[in-house]
Amino acid sequence: MKFFYKTLPVFWMLLKGVLPGPWSAWMPENIPAFEGTCVVIPCRFNYPEELRPSVVHGIWYFNSPYPKNYPPVVYKSRTNIVHESYLGRTRLLGDLNTRNCTLQITRLSPELTGKYYFRGDLGGYNQYTYSEHCNLEIINKPTIVTPPEVVEGSEVELRCVVPDNCPEMKPIISWTNHEGLSQYSVYGQVEEEGSTWSLISMLKFLPSRENNHQELGCKVNYVNTTFEFDAVSILDVKYIPRIVQANSSAEVIQGSPVVLVCAVDNNPLALISWLREDDLLYEEVGGSLTLRLENVTYLQDGIYTCVAENICGKENHTLALTVMYAPWKPIVNVSVIAVEGDPVTILCSTQSNPEPIITIFKEKKVMKTVVYSSQLALEFSSVTHEDDGEYWCIAENQFGQSGSALNLTIEFAPLILPESKCTAARDTVQCICAAKSNPEAVIVFKLPTRNVTVNETDREFVYSQRTGYTITSILTLRGEVDSQLYIVCSARNLYGTKDQQLQFHHSSESPRWPQSPLSIIYLFVLCIYL
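First things first, this report covers the structure right here in the doc. None of these values were measured; they are calculated from a predicted model.

1. Describing unusual backbone geometry
Now for step 1: Here the amide bond leading from Asn267 into Pro268 is cis, since omega sits at 0°, within 30 degrees of zero.
Now for step 2: Tracing the backbone shows Pro268 in the loop between strand 22 (258-267) and strand 23 (270-276).
Now for step 3: Even without glycine at this site, Asn80 takes up a positive phi of about 60°.
Now for step 4: In this structure, Asn80 sits in the loop between strand 7 (73-76) and strand 8 (90-92).
Now for step 5: Looking at Asn80, the relative accessible area reads 53%, which means it is exposed.
Now for step 6: Residues other than glycine seldom take positive phi values, yet Gln183 does so here, at roughly 50°.

In structure tokens, the structure reads:
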């Protein structure tokens, strides 16, 4: 969009007022102008009222107020003799007789940049060079004024300022590369300060992060000329960080390396942090942050959050890191000792990911199984001696297996085993009493008809052997078998006593008995006793 303003006819007129002293002047301290164009320097001077000159002349000097230094003459009203640099370039717009020393310079070039002084010539010795001066700056681009801070979503105004101090040439301002801005509008105005004029074009819009680093141009043209002056402003848009790249939730195998990346679009640079749950792991100012986990373990399983924060706000991204691993060695009861009839629970627990299959075995027999659980309980409402033994708890998933063993010991009253019996031959009786118990039973052979009791302390008649919870005692008697003879096997421990009459079985073969003199003597003594 372009703006064109007509110059007021009084452009070069000075502000009305009284100058501060008898020899004093007023002119703008600084005035800019584009190369190749023209400039009007407003000027007003004063001198003592009593002089009353009939004609007033004046001279403009460049860069020095002292004639003895022979400064370049910019303009001279008496002779029109000027320095070659100003030939055909200067003319006086003001009327010296009315104390107006306004000067116009055309076809400006860079070497004309500098200080301009006015000297009043009232005739005779009444000549005075005023210390007040004007700094002329020859420029080749307009000034783009941006606000101190441009924030996304907050309306911003850019100003393109162009000097407008040449009545003969009027600038036209246009903006470039602004069409994609959100809700933009352009308008213009003229500003005057110290009798110097500026044409200003204002561009308003709502900035976004997409506009960051965008170049906006201001272009100045003059009608019927080829003059063109350009300036560019690069937008520095501040905005809330946006996480543009980050890992999704993932499952990894224990021992694997893990790399978590968090890339952020931000301006200004954000403080990027990686947290696990509420624990800060790593932070750094920048555009991205990578968290490396070597040989990840189950302890690093959890919720990870990337947080990016700057002065405009913050954003975060959360992911779940699931560490998969084989079951730990199961935790089981310590070895259990129970009394037959008691309730007993075997508890097996472990930890793994995913949850394991847990099985409790006894002698390779599956006692109980649970699928996808971290613990298993095998319950006995009333244990028997048959539940005694070693148990194994095995936990397994697709990443491996682990096991633990425990012993269940059952204490119970004696049981007389079926192999308990008596075998009679022609002159020998051999009785076997086998009892199973825990703790071990004491076996006694009773002969009620003869009021005799024999146990393993009577080594000449009883021999015992032990296997596990079973004790087997063998009673051997020699002599003719009494038809009234019967033998009772009695087994006793702290939980009870079990008596059982042994059945007789007759054998056609004589039982084998070690034939030695000592055994014959033992048998003879027994017969006398009986």
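2. Points about the sheet that holds strand 30 (residues 344-349)
Now for step 1: Read across the open sheet, the 3 strands follow the order 28-30-33; overall the sheet is antiparallel. Two strands lie at the open edges of the sheet, namely strand 28 (331-332) and strand 33 (375-380), each paired on one side alone.
Now for step 2: Here strand 28 pairs with strand 30 via 2 bridges, running antiparallel. Paired with Val332 across the two strands is Cys348, which belongs to strand 30.

3. Digging into the pairing of strand 37 (residues 428-438)
Now for step 1: Within strand 37, 8 of the 11 residues are buried, which leaves it mostly tucked inside the rest of the structure.
Now for step 2: By the bridge criterion, 3 bridges tie strand 35 (residues 400-416) to strand 37 in an arrangement that is antiparallel. Following the sheet pairing, Ile416 is matched in strand 37 by Ala435.
Now for step 3: Direction of pairing for strand 36 (residues 421-424) relative to strand 37: antiparallel, over a ladder of 4 bridges. Along strand 37, the bridge assignment pairs Ala424 with Val429.
Now for step 4: The hairpin turn running from strand 36 into strand 37, its antiparallel successor, is 3 residues long.
Now for step 5: Summarising the sheet, strand 37 and strand 41 (residues 470-478) pair through 9 bridges and their orientation is antiparallel.

4. Overview of a nonpolar patch on the surface
Now for step 1: Nonpolar side chains collect at one region of the surface, where Leu269, Leu271 and Val285 lie side by side and expose about 270 Å² of accessible area between them.
Now for step 2: Mapped onto the secondary structure, Leu269 falls in the loop between strand 22 and strand 23.

5. Notes on the nonpolar core
Now for step 1: Counting residues in hydrophobic clusters, the biggest one holds 34 residues, and the most contacted among them are Phe45, Trp60, Ile105, Tyr116, Phe118 and Leu136.
Now for step 2: Of all the secondary-structure elements, those providing two or more residues to this core are strand 3 (30-34), strand 4 (39-41), strand 6 (57-62), strand 7, strand 9 (103-105), strand 10 (114-121) and strand 11 (127-139).
Now for step 3: By size, the runner-up hydrophobic cluster in this structure holds 27 residues, among which are Cys160, Cys166, Leu199 and Tyr239.

6. Thoughts on the state of the cysteines
Now for step 1: Throughout the structure, instances matching the rule amount to 7 disulfides.
Now for step 2: Disulfide pairing places Cys160 opposite Cys218 at an S-S distance of 1.7 Å. Note on the Cys160 and Cys218 pair: the S-S dihedral is about -75°, so by sign convention the disulfide is left-handed. Highlighted residues: Cys160 in strand 14 (residues 156-163) and Cys218 in strand 18 (residues 215-222), separated in sequence by 58 residues. Exposure class is identical for Cys160 and Cys218. Each is buried.

Cut-offs applied
Residues numbered from 1 in each chain as written. Predicted model: local features only at pLDDT ≥ 70, side-chain atom pairs only at ≥ 80, totals over all residues. Heavy atoms only, no water. Helix = DSSP H or I, 4+ residues; strand = E, 2+ residues; numbered from the N terminus. Buried < 20%, exposed > 50% of the residue type's maximum accessible area, 1.4 Å probe, protein only. Pairing = 2+ DSSP bridges. Patch = residues over 30% accessible without salt bridge, like charges linked within 9 Å, V, L, I, M, F, W, Y side chains within 5 Å. Areas by Shrake-Rupley, 256 points an atom, 1.4 Å probe, with all protein chains shown as cover. Salt bridge = Lys/Arg side-chain N within 4 Å of Asp/Glu carboxyl O. Core = buried A, V, L, I, M, F, W, Y, C linked by side-chain atoms within 4.5 Å. Disulfide = S-S within 2.5 Å.

The values are spatial; any link to function lies outside them.
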